Amino acid sequence: MPDRRAIVNPVKGKKPPETGSLAIVTATGADLRLLAELAKIPVVDRRKLYMSDLHVHADADGRLRYSLIGPLVGAPYAAMIVESLKVWGVSTIVFVGWCGAVSGGVKAGDVILPDSAMVDEGTSGHYCDPSCRVALPARQLVHQVRLALQHHGTSFHEGAVWTTDAIFRETVEQVKYYQSRGALAVEMEMSAIFTVAAFRQMEAAGILVVSDELSDYTWRPGFKTPQFKAAREKACRAALTLAKGIATGNGHR
């Protein structure tokens, strides 16, 4: 494992937000707005977190408290967000993001529950053995996400995803390679979130919505389809159901 000591560390600050123990981190501003609309409990604090927005939601009696954060793009920035949330007291991360289908059995508008992330980004090696090529989520949290998705009647694929730093270097050769390893989709944050969370003794899991397809080596956008819009809402509702269960100490049953 890497040396835990570092010269520069995240700082709690003089007036840190009361984030709650769980944070839903989203890759896009659109999903941050959707989560806020669906949350149903008040926002009690709003702040900037680097280039992202942090919203703390809490009910009147204080039993329920969690945070929404986004947008974010890429592994290094995702690591910064997770590190800062840890210092503020977050112990559980649920990531809601978009991805491109790599498997021919996955289509735009589908939902993916990652059970692992293949490391093709430069951040994870600073938090785990540099030879590590696969990052893992927290197993129990994945199970809770699975139950939350099922609760909302969401069909989903479960399996590995490929995390890359370079969205415009997804070549035919690379896609074929990750197809051969069983990747369902490609995205830019998941492996780093898993490795940073594990390093900081946090739990992390993700829900990915398929926004486009490249399994046949041609890019096929699906951002404007009704299926994609419906899947985003289901993913956000599942994340909030999970957040409300964990934030009140009940879990999701």
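Each chain carries its own residue numbering, running from 1 in the direction its sequence is written. Only residues with pLDDT of 70 or above have their local features reported here, since the model is predicted, and side-chain atom pairs are shown and tallied only from 80 upward, although totals for entire chains, interfaces and linings are computed over all residues. Heavy atoms throughout the structure, all of them, feed into the side-chain values; hydrogens and water do not.

(A) Structural view of the overall build of the chain. Where helices and strands are cited, they refer to DSSP runs of H or I of at least four residues and of E of at least two residues respectively, numbered from the N terminus. On a plain count of helices and strands, the chain comes out with 6 helices and 11 strands. Dimensions of the chain along its principal axes, counting C-alpha atoms only, are 50 × 45 × 30 Å. Exposure classes here rest on a 1.4 Å probe applied to the protein chains alone. A residue is buried below 20% of its type maximum, exposed above 50%, and partly exposed in between. With 253 residues in all, the chain has 53% of them scored as buried. Only heavy atoms enter the contact rule, under which two residues are in contact if any of them lie within 4.5 Å. Looking at the chain alone, contacts between residues at least 24 apart form 77% of all its contacts between residues at least 6 apart. On the chain, roughly 11600 Å² of surface is accessible, and the fraction owed to carbon and sulfur atoms is 53%. His residues and chain termini do not enter the charge count, which takes Lys and Arg as positive and Asp and Glu as negative. One atom stands in for each charge, and that atom is NZ of Lys, CZ of Arg, CG of Asp or CD of Glu. The centroid of the 29 positive side-chain charges in the chain is displaced by 5 Å from the centroid of its 25 negative side-chain charges. Throughout, the Shrake-Rupley method with a 1.4 Å probe supplies accessible areas, and for residues the shown protein chains are the sole cover considered.

(B) Looking closely at the nonpolar core. By size, the foremost hydrophobic cluster in this structure holds 39 residues, and its most contacted members are Val25, Leu85, Ile93 and Ile112. Listing elements by their share of this core, those giving two or more residues are strand E1 (22-26), strand E3 (52-58), helix H2 (75-87), strand E5 (92-101), strand E6 (111-120), helix H5 (190-199) and strand E10 (203-213). Not counting the four nearest positions on each side in its chain, Ile93 is found in contact with Ala23, Val25, Leu85, Leu141, Ile193, Met202, Glu203, Ala204 and Ala205. To form a nonpolar core, buried Ala, Val, Leu, Ile, Met, Phe, Trp, Tyr and Cys residues must be joined to one another through side-chain atoms within 4.5 Å. By size, the runner-up hydrophobic cluster in this structure holds 34 residues, among which are Val96, Val145, Ala148 and Leu240.

(C) Spotlight on helix H1 (residues 29-38). Burial in H1 covers these residues: Asp31, Leu32, Leu34, Leu35 and Leu38. Projected down its long axis, H1 shows its buried positions confined to an angular sector of 165°, all on one face. H1 presents Arg33 and Glu37 as exposed residues on the side facing more than 90 degrees away from its buried surface. The first or second residue beyond H1 is Lys40, which carries a positive phi of 70°. Note that the arc is defined by the directions from the helix axis to the C-beta atoms.

(D) Just the packing of aromatic side chains, in detail. Note on aromatic pairs: the rings of Phe, Tyr and Trp (six-membered ring only in Trp) are paired at centre separations within 6.5 Å, and the planes decide the class, stacked below 30 degrees, edge-to-face beyond 60, tilted for the rest. By the definition in use, this model includes 8 aromatic pairs. When the centroid spacing of 5.4 Å and the interplanar angle of 85° are considered together, the rings of Tyr127 and Phe199 count as edge-to-face. Pair noted here: Tyr127 is in the loop between E6 and strand E7 (134-135) and Phe199 is in helix H5, with a separation of 72 residues, a long-range link. Both residues of the pair, Tyr127 and Phe199, belong to the buried class. Within the aromatic cluster, the residues linked to one another by ring pairs are Trp98, Trp219, Phe223 and Phe228. Looking at Lys176, its charged tip hangs above the ring of Tyr217, at a distance of 5.4 Å from the centre. Working rule: Lys NZ or Arg CZ, within 6 Å of ring centre, within 35 degrees of ring normal, means a charge sits over the ring.

(E) Molecular detail of the side chain of Arg232. Topologically, Arg232 is positioned in helix H6 (residues 226-247). If we ignore the near neighbours within four places in the chain, the residues touching Arg232 are Ala30, Asp31, Leu34, Trp98 and Val209.

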